[in-house]
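# Structural description and commentary
Each chain, letter by letter, is given below.
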Amino acid sequence: MAATTEVGQERPATPMRSLERALDVLEVLQRHTEPMRLSEVARAAGLNPATTLRILAVLAARGYVVSEGKAHRLGPAVLSAAHGFLVSDVLTRTASPVLRELAASTSLTVSLYERVGFERVLVARVDGAEPMRYQLPVGRRLPLHLGAGKALAVDMDDVELAALAEHVRQLGEDAPIDVAALRGDLDALSERGFHVSVSERETGIVAASVPVRDASGRVIAAVSAAGPAEKHPREQMVEHAEEVRRAASAIGRSLPRAR
């Protein structure tokens, strides 16, 4: 979401502002599953309608947006870009066999997330023997402060956490973040090496999540194993967490050092 000073006022122009505005519009459309009206896109992106309309026209000409009457949605070029990522990303290729093995050994649904700004994106998923009640599509943007997102946020300092809280406030999609409570969860995750969440993002879902670190110790992804809470009590997920930790470590060790 674009940062603004007052409602309806755009940020001061910068040399890259045109590109930033186009990306703001694309991110707005990514977060919505239904087509959006011009006024809705403009308001969510922090832009005026005239600017938003010009950006939508350029994106539509390139296939990144489809405009049908007064409604606008993502276009097929976005899928082509996603395919390019999936076939070229070293992390997802390296992690795939490890994720399949973890799903087979735990019967849980295993997911791999990467951080994008103050959110996370699902980049790979392997269903276990017990399918989830809902299907979470690859490419979905999700909160960084809930569930498996905490494994990606574990090393964030207080300044970054404050910026994350402001991002969530601007989006207005989740309840305001209790920064002190989040800091406590991240400190506990750092000490234990994993986080077990129960109905944090999705009611009735329990998950064990672990950060994936590269050779330098930098967090580059998060691995999560999840299932229905009624079948997997928290104590059992704590036991599964050790398997998730081994999987995350295996992925990190397998990555080229240059990543």
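Residues numbered from 1 in each chain as written. Predicted model: local features only at pLDDT ≥ 70, side-chain atom pairs only at ≥ 80, totals over all residues. Heavy atoms only, no water.

### Remarks on the packing of aromatic side chains
Two descriptors summarise a pair of aromatic rings, namely the distance from one centre to the other and the angle between the planes of the rings. Enumeration over the complete set of coordinates arrives at zero aromatic pairs. Its guanidinium or amino end placed over the ring of Tyr 113, Arg 120 lies 4.6 Å from that ring's centre, counting from NZ or CZ. Arg 192 extends its terminal NZ or CZ atom over the ring of Phe 194, reaching a point 5.4 Å from the ring centre. (Phe/Tyr/Trp six-rings, centres within 6.5 Å; stacked < 30°, edge-to-face > 60°. Lys NZ or Arg CZ within 6 Å of the ring centre and 35° of its normal.)

### Focus: the packing of helix 1 (residues 17-30) against helix 3 (residues 49-61)
Direction vectors running N to C along helix 1 and helix 3 enclose 80°, while the axes themselves pass 10 Å from each other. When the interaxial angle is binned, helix 1 and helix 3 end up roughly perpendicular. Between helix 1 and helix 3, the residues in contact are Arg 21, Ala 22, Val 25, Leu 26 and Leu 29 and Thr 51, Ile 55, Leu 56 and Leu 59, respectively. Residues of the contact of helix 1 with helix 3, tallied by class, amount to seven nonpolar, one polar and one charged. (Axes fitted to C-alpha atoms, helices over the stretch in contact; angles between N-to-C directions. Helix = DSSP H or I, 4+ residues; strand = E, 2+ residues; numbered from the N terminus. Parallel < 35°, antiparallel > 145°, perpendicular 65-115°, else oblique. Contact = heavy atoms within 4.5 Å. Nonpolar A, V, L, I, M, F, W, Y, C, P; charged D, E, K, R; others polar.)

### Concerning the packing of helix 1 against helix 2 (residues 38-45)
Interaxial distance between helix 1 and helix 2 falls to 9 Å at its minimum, and their mutual angle equals 115°. The angle between helix 1 and helix 2 places the two elements in the roughly perpendicular class. Classified by chirality, the crossing of helix 2 by helix 1 is right-handed. Residues Asp 24, Val 25, Val 28 and Leu 29 of helix 1 touch helix 2, and the partners they reach there are Val 41, Ala 44 and Ala 45. Across the contact of helix 1 with helix 2, the residue classes break down as six nonpolar, no polar and one charged. (Left-handed = near helix turned anticlockwise from the far one by under 90°.)

### Concerning unusual backbone geometry
Backbone geometry places Ser 107, a non-glycine residue, at a positive phi of 65°. Following the sequence through the fold, Ser 107 ends up in the loop between helix 5 (90-106) and strand 4 (109-116). What makes Ser 107 partly exposed here is its relative accessible area of 24%. At Ser 199, a residue that is not glycine, the phi angle is positive and equals roughly 55°. Here Ser 199 shows up in the loop between strand 7 (195-198) and strand 8 (205-213). Residue Ser 199 is classed as partly exposed on the basis of its relative accessible area of 33%. (Buried < 20%, exposed > 50% of the residue type's maximum accessible area, 1.4 Å probe, protein only.)

### Overview of the sheet that holds strand 2 (residues 65-68)
Read from one edge to the other, the open sheet built from three strands follows the order 1-3-2, with strand pairing classed as antiparallel. The strands lining the two open edges of the sheet, one partner per strand, are strand 1 (36-37) and strand 2. As judged from the four bridges shared by strand 2 and strand 3 (residues 71-74), these two strands associate in the antiparallel manner. In the sheet register, Glu 68 faces strand 3, and the bridge partner there is Ala 71. (Pairing = 2+ DSSP bridges.)

### Considering the environment of Glu 40
Structurally, the position occupied by Glu 40 is in helix 2. Sequence separation between Glu 40 and Ala 151 is 111 residues, and the spatial gap between their C-alpha atoms is 32 Å.

### Considerations on the nonpolar core
One finds Leu 99, Leu 112, Val 223 and Ile 251 to be the most contacted residues of the largest nonpolar core, which totals 31 residues. With seven residues, helix 9 (residues 234-254) is the largest single contributor of residues to this core. Setting aside residues no more than four positions away along its own chain, Ile 251 makes contact with Leu 91, Thr 94, Ala 95, Val 98, Leu 99, Val 212 and Val 223. With 21 residues, the next largest nonpolar core counts Tyr 113, Ala 148, Ala 165 and Leu 182 among its residues. (Core = buried A, V, L, I, M, F, W, Y, C linked by side-chain atoms within 4.5 Å.)

### Observations regarding the pairing of strand 5 (residues 119-126)
In terms of burial, strand 5 is a largely internal element, eight of the eight residues being buried. When strand 4 meets strand 5, the two strands line up antiparallel, connected through seven bridges. In the strand pairing of strand 5, Val 110 is matched with Val 126. What sits between strand 4 and strand 5 in their antiparallel hairpin is a turn of two residues, with Gly 117 showing a positive phi close to 60°. Here strand 5 runs beside strand 6 (residues 141-143); their pairing, made up of three bridges, is antiparallel. Within strand 6, the position partnered with Arg 120 by the bridge is Leu 142.

### Comments concerning the side chain of Ser 224
Locating Ser 224 in the fold gives a position in strand 9 (residues 219-228). Within the structure, the side chain of Ser 224 is placed 3.2 Å from the side chain of Ser 209, a separation counted as a polar contact. When near neighbours in sequence (up to four residues on either side) are disregarded, Ser 224 contacts Thr 109, Val 110, Ser 111, Tyr 113, Ala 148, Ala 207, Ala 208 and Ser 209. (Polar contact = N/O pair within 3.5 Å; in protein donor to acceptor, adjacent residues only side chain to side chain.)

### Some words on the sheet that holds strand 6
What the six strands build is an open sheet, ordered 6-5-4-9-8-7; its pairing is antiparallel. Every interior strand has two partners, whereas the edge strands, strand 6 and strand 7, have only one. Neighbour-to-neighbour, the strand axes of this sheet turn through a mean angle of 35°, independent of strand direction. Packing against the sheet, helix 5 makes contact with strand 4, strand 5 and strand 9, and its axis sits at approximately 150° to strand 4.

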